[in-house]
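Spelled out, the chains give:
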Amino acid sequence: AASPVPAVSRAPVRQSVGTAPGDAGSRHALLDRADRAAPNREVAAALPVDEALVLITDAMMKGKTFVFIQPNPKRGKSAERYEVYSKETTFAGLAALRGQHFAGTSRPVFNCDVTARSGDFVNDVCRRYVEFIEAPPPVLAAGVAAQSLGTA
């Protein structure tokens, strides 16, 4: 016959909060990561790079234009570049910025090609800083231009 083994009682484990350096010891660290990311901001989830590239390629094929959100959501050197290239609304305009540098520096105004897996434009599309707009039909665009010139 088996000898009865006395049940071992264990005291509940206490988690000490605030004793470890950095985020590891804070109460904030006990929250689920999804809750910690941006508790007070309503930010749309970033798109995967592959999905952003599909959107960019589709917009190029359909002749769409785009607008960048304002005010500038970036900081540092990328914010300086954003101030310059966010004024563009066409893919041709962005392509024209390639190879240009800020005055007196070797820093580029626009990083990479619009269809590159990394670079300013794909990063902005991933973070939803860019909104694609259907291009107006050529006849309508010509009529609007004529009206604005007072010839229609």
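Below you will find a few notes about this structure. (Residues numbered from 1 in each chain as written. Predicted model: local features only at pLDDT ≥ 70, side-chain atom pairs only at ≥ 80, totals over all residues. Heavy atoms only, no water.)

1. Re the nonpolar core
The tendency in soluble globular proteins is for nonpolar side chains to be buried as a group. In terms of nonpolar packing, the biggest core is built from 22 residues, with Ile56, Phe66, Phe91, Leu94, Phe121 and Phe132 touching the most fellow members. Elements represented by at least two residues in this core include exactly helix H2 (49-61), strand E1 (65-68), helix H3 (76-85), helix H4 (91-97), helix H5 (120-126) and strand E2 (130-133). The contact partners of phenylalanine 66, leaving out residues within four places of it in the chain, are Glu88, Thr89, Thr90, Phe91, Leu94, Phe121, Val130, Glu131, Phe132 and Ile133. (Core = buried A, V, L, I, M, F, W, Y, C linked by side-chain atoms within 4.5 Å. Buried < 20%, exposed > 50% of the residue type's maximum accessible area, 1.4 Å probe, protein only. Helix = DSSP H or I, 4+ residues; strand = E, 2+ residues; numbered from the N terminus. Contact = heavy atoms within 4.5 Å.)

2. Let's talk about the side chain of lysine 74
Looking at the element boundaries, lysine 74 is found in the loop between E1 and H3. Accessibility expressed as a relative area gives 12% for lysine 74, which makes it buried. Not counting residues within four places of it along the chain, the set of residues in contact with lysine 74 comprises Ala79, Tyr82, Tyr85, Asp120, Asn123, Asp124 and Tyr129.

3. A closer look at the packing of aromatic side chains
In total, this model carries 13 aromatic pairs according to the counting rule given. Both rings, one in phenylalanine 66 and one in phenylalanine 68, keep their centres 5.6 Å apart while their planes meet at 90 degrees; by these two values the pair is edge-to-face. Of the two residues, phenylalanine 66 and phenylalanine 68, neither departs from the other in class, the shared state being buried. An angle of 85 degrees between the planes, with centres 5.7 Å apart, marks the rings of phenylalanine 68 and tyrosine 82 as edge-to-face. Here phenylalanine 68, found in strand E1, pairs with tyrosine 82, found in helix H3; they are 14 residues apart in sequence, far enough to count as distant. When sorted by exposure, phenylalanine 68 lands in the same class as tyrosine 82, which is buried. (Phe/Tyr/Trp six-rings, centres within 6.5 Å; stacked < 30°, edge-to-face > 60°.)

4. Quick word on the side chain of serine 86
Inspection of the secondary structure puts serine 86 in the loop between H3 and H4. Within the local environment of serine 86, its side chain forms a polar contact with the side chain of glutamine 70, the two groups lying 3.3 Å apart. Within polar-contact distance, the side chain of serine 86 engages the backbone oxygen of tyrosine 82 at 2.7 Å. (Polar contact = N/O pair within 3.5 Å; in protein donor to acceptor, adjacent residues only side chain to side chain.)

5. Overview of the pairing of E2
Here E2 shows one buried face, formed by Val130 and Phe132, and one open face, formed by Glu131 and Ile133. With 4 bridges joining them, E1 and E2 adopt antiparallel strand pairing. Residue pairing for E2: threonine 65 is matched across the bridge by isoleucine 133. (Pairing = 2+ DSSP bridges.)

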